[in-house]
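Each chain, letter by letter, is given below.
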Amino acid sequence: MPPVAKLQSKRARRVGKTLTKAKAQKQESRHQLIQSKPARSKAVSSKPQFLTSPDLKKISWLIHGFSTRPGGVSTAFGGHSLNLGFPKPGVAKSDKRSQNSRSSDSRVNVAQNRELLLRAVDATTGSKSHREYLWPLVTLRQVHSDVIHVVTSGEPGSLSGDGMITNVPGIVLGILTADCFPILLVDKKTRAVGAFHAGWGGTLQRIVEKGVGAMRREFGSRPQDIHAAIGPGIQKCCYEVGDEFPAKFEAQFAYAADLFHEIKDSYSVQMKYPMLFMNQRAPGHGDLCIKQHLDLQEGNRRQLLDAGVPARQITPLADCTACDTKKFFSHRAEHGHAGRMMAVIGIRK
Ligand SMILES: [Zn+2]
């Protein structure tokens, strides 16, 4: 393991390209909001609900969780929900796009939701009866890349990328999703953790496979000591992709064929456009519409296996975000008007 002093000499070293100043400021204000004292809580009808991996739950020094939709103070997405993604700055309410994005929620609500989640997963120091402090939350401006940061403190920062690793206790790493897969890694031996964001772009760039490599390089982690949890995200039942996707994945992965499932979608198309099918062919001989469905979760599981993580130490959560929009936010099922969930992980002090 590298000496801690070396790791702390910089707040975070980035494996990748450089940041712009504007991005840095944006990220900084985001951190300050969660670290300043949020407005007194509005009445919350229910506690935030989150999912855990039974395997990771056994690790006493770890906190982790995958947030779900119910139990927050946001009202922008129907009912009370736990939206954890800040509204995008600089979009006027009158802008038509704002009606179709996260911009309809308020920063105050999101800050309060983040606080609720941190308390729910027990990312606190001190006791409820005395003074309780929330651990600092480190998030990224996520850009569907393979950029991974080594996080060494919870100071407000300016990180752009899709993966974070740390071995410093008392910091929460947070990944935002609404269909993409969040992936949490834990090295039980060296007490190091990682959090990654894998949509199709990040998966294609092997973000999680590189994540295992980054933990190995920075903390001396051995893949056989790493435990992983994947999900929830959009599963193969709902994740229809364009015809060009199989070729993209075949260019990268020998097992690409295992990740695609052809769904014959004759019925729905014929119901929608009956005239198209009327005169062409005899009944039962019409062209079937074949759709490609991508299994992103399996793609990321395969990357973990390739990186040397044992299968029994990988827990893919079965939930599909697009199948159940009462429980989850789904960018696709909600046509872009969705909040964000957060996967969090941290090391107890
Ligand atoms: Zn589904």
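Above this text sits the structure in question.
Residues numbered from 1 in each chain as written. Predicted model: local features only at pLDDT ≥ 70, side-chain atom pairs only at ≥ 80, totals over all residues.

(A) Up close: the overall build of the protein chain. A count of helical and extended segments in the protein chain gives nine helices and 18 strands. With 349 residues in all, the protein chain has 43% of them scored as buried. For the protein chain, long-range pairs separated by at least 24 residues make up 70% of all intrachain contacts whose partners lie at least 6 apart in sequence. (Helix = DSSP H or I, 4+ residues; strand = E, 2+ residues; numbered from the N terminus. Buried ≥ 20, exposed ≤ 12 C-beta atoms within 10 Å, placed from the backbone. Contact = placed C-beta atoms within 7 Å.)

(B) Summary view of unusual backbone geometry. In this structure, P232 follows G231 across a cis peptide bond, with omega equal to 5°. Its identity is not glycine, yet R191 carries a phi of approximately 55°, on the positive side. Inspection of the secondary structure assignment puts R191 in the loop between β11 (181–187) and β12 (192–198). Even without glycine at this site, R206 takes up a positive phi of about 60°. If you trace the backbone, R206 turns up in the loop between α5 (200–204) and α6 (207–219). By the C-beta count within 10 Å, which is 20 here, R206 ends up buried.

(C) Up close: the sheet that holds strand β10 (residues 172–177). The five strands lie next to each other as β2-β3-β18-β10-β7, forming an open sheet whose pairing is mixed. Edge positions in the sheet fall to β2 (50–51) and β7 (137–138), since each of these pairs with one other strand and no more. One ladder, built from six bridges, connects β10 with strand β18 (residues 341–347); its direction is antiparallel. Of the residues in β18, the one forming a bridge with T177 is M341. (Pairing = 2+ DSSP bridges.)

(D) Inspection of the nonpolar core at higher detail. In terms of nonpolar packing, the biggest core is built from 75 residues, with V172, L173, I183, L184, L185, A228 and V344 touching the most fellow members. If we skip the residues at most four places from it in the chain, L173 touches V138, V151, M164, T166, V193, A195, V344, I345 and G346. (Core = buried A, V, L, I, M, F, W, Y, C linked by C-beta atoms within 7 Å.)

(E) Examining the environment of D225 more closely. Take D225: it is sitting in the loop between α6 and β13 (226–230). For D225, a count of 18 C-beta atoms within 10 Å puts it in the partly exposed group. Spatially, the C-alpha atom of D225 lies 6.3 Å from that of K189, the residues being 36 residues apart in sequence.

(F) Geometry of α6. Relative to the 18 Å expected for 13 residues at 1.5 Å per residue, α6 spans 18 Å between its end C-alpha atoms, a close match to the ideal helical length. When you tally the buried positions in α6, you get ten out of 13 residues, the bulk of the element. Taken together, the buried positions of α6 are I207, V208, E209, K210, G211, V212, A214, M215, E218 and F219. (Expected span 1.5 Å × (residues − 1).)

(G) Up close: the sheet that holds strand β14 (residues 240–241). Reading across from one edge, β14-β16-β15 is the order of the three strands in this open sheet, with antiparallel pairing throughout. Where the open sheet ends on each side, the last strands, each with one partner, are β14 and β15 (260–264). With two bridges connecting them, β14 and strand β16 (residues 290–294) associate as antiparallel partners. The residue bridging E240 from the neighbouring strand is H293, located in β16.

(H) Structural view of helix α4 (residues 107–120). Its 14 residues give α4 an end-to-end C-alpha distance of 20 Å, which sits within 8% of 20 Å, the value for a rise of 1.5 Å per residue. Every buried residue belonging to α4 is among N109, V110, A111, Q112, N113, R114, L116, L117 and L118, and all of these are buried. Downstream of α4 by one or two residues, D122 has phi in the positive range, about 70°.

(I) Just the packing of α6 against helix α9 (residues 296–306), in detail. Running from amino to carboxyl end, α6 crosses α9 at an angle of 30°, the nearest separation of the two axes being 8 Å. As summarised for this structure, α6 and α9 are arranged roughly parallel, according to the angle between their axes. α6 and α9 meet at a crossing whose hand is right-handed. Contact with α6, carried on its side by V208, E209 and V212, involves N300, Q303, L304 and D306 of α9 and no other residues of that element. (Axes fitted to C-alpha atoms, helices over the stretch in contact; angles between N-to-C directions. Parallel < 35°, antiparallel > 145°, perpendicular 65-115°, else oblique. Left-handed = near helix turned anticlockwise from the far one by under 90°.)

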